[in-house]
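Each chain is listed here by its residues.
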Amino acid sequence: MVKAHVQDLASMGRPVRLSALVVRARDRVRAAFRPRCPYRVGDAVVGDDPFNGRHAGIIMSHSGPSVELGAAAGVFFYDHRHLRPQD
């Protein structure tokens, strides 16, 4: 039987090594157990840290456990465990 359409091999994707699949699966499992920031961008919080001091502001961004806090005195970076909601 003759096919009217032959699939382009370039559209089939790249071959994947077994080690790459294992690494991807391991990274997904690790990410599931990583601490997550309970605050969202735009939440008003107070950060208290012995190095940065105490600052009240709004969360501008977060990446992993690090949170960028925009305050009146500038921008400060805190670990999300040093933050608490504003009263």
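Reading guide: rules and limits
Residues numbered from 1 in each chain as written. Predicted model: local features only at pLDDT ≥ 70, side-chain atom pairs only at ≥ 80, totals over all residues. Heavy atoms only, no water. Patch = residues over 30% accessible without salt bridge, like charges linked within 9 Å, V, L, I, M, F, W, Y side chains within 5 Å. Areas by Shrake-Rupley, 256 points an atom, 1.4 Å probe, with all protein chains shown as cover. Salt bridge = Lys/Arg side-chain N within 4 Å of Asp/Glu carboxyl O. Helix = DSSP H or I, 4+ residues; strand = E, 2+ residues; numbered from the N terminus. Pairing = 2+ DSSP bridges. Axes fitted to C-alpha atoms, helices over the stretch in contact; angles between N-to-C directions. Buried < 20%, exposed > 50% of the residue type's maximum accessible area, 1.4 Å probe, protein only. Lys, Arg positive; Asp, Glu negative; His and termini not counted. Contact = heavy atoms within 4.5 Å.

The next point concerns a nonpolar patch on the surface. Residues Val16, Leu18, Leu21 and Val22 make up a contiguous nonpolar surface patch of roughly 380 Å² in combined accessible area. Structurally, Leu21 can be placed in helix α1 (residues 18–33).

Moving on: the sheet that holds strand β5 (residues 83–85). Spatially, β4-β3-β2-β1-β5 is the arrangement adopted by the five strands of the open sheet, whose pairing is antiparallel. Edge positions in the sheet fall to β4 (74–79) and β5, since each has one partner strand and no second. The sheet shows a mean angle of 45° between the axes of neighbouring strands, direction not considered.

Along the chain, the position of Asp49 falls in strand β1 (residues 44–49). Among buried charged residues, Asp49 stands out as having no salt bridge; its nearest opposite-charge side chain is Arg81, 10 Å away. Setting aside chain neighbours within four positions, we find Asp49 in contact with Tyr78 and His82.

The values reported here are purely geometric and, on their own, carry no functional implication.
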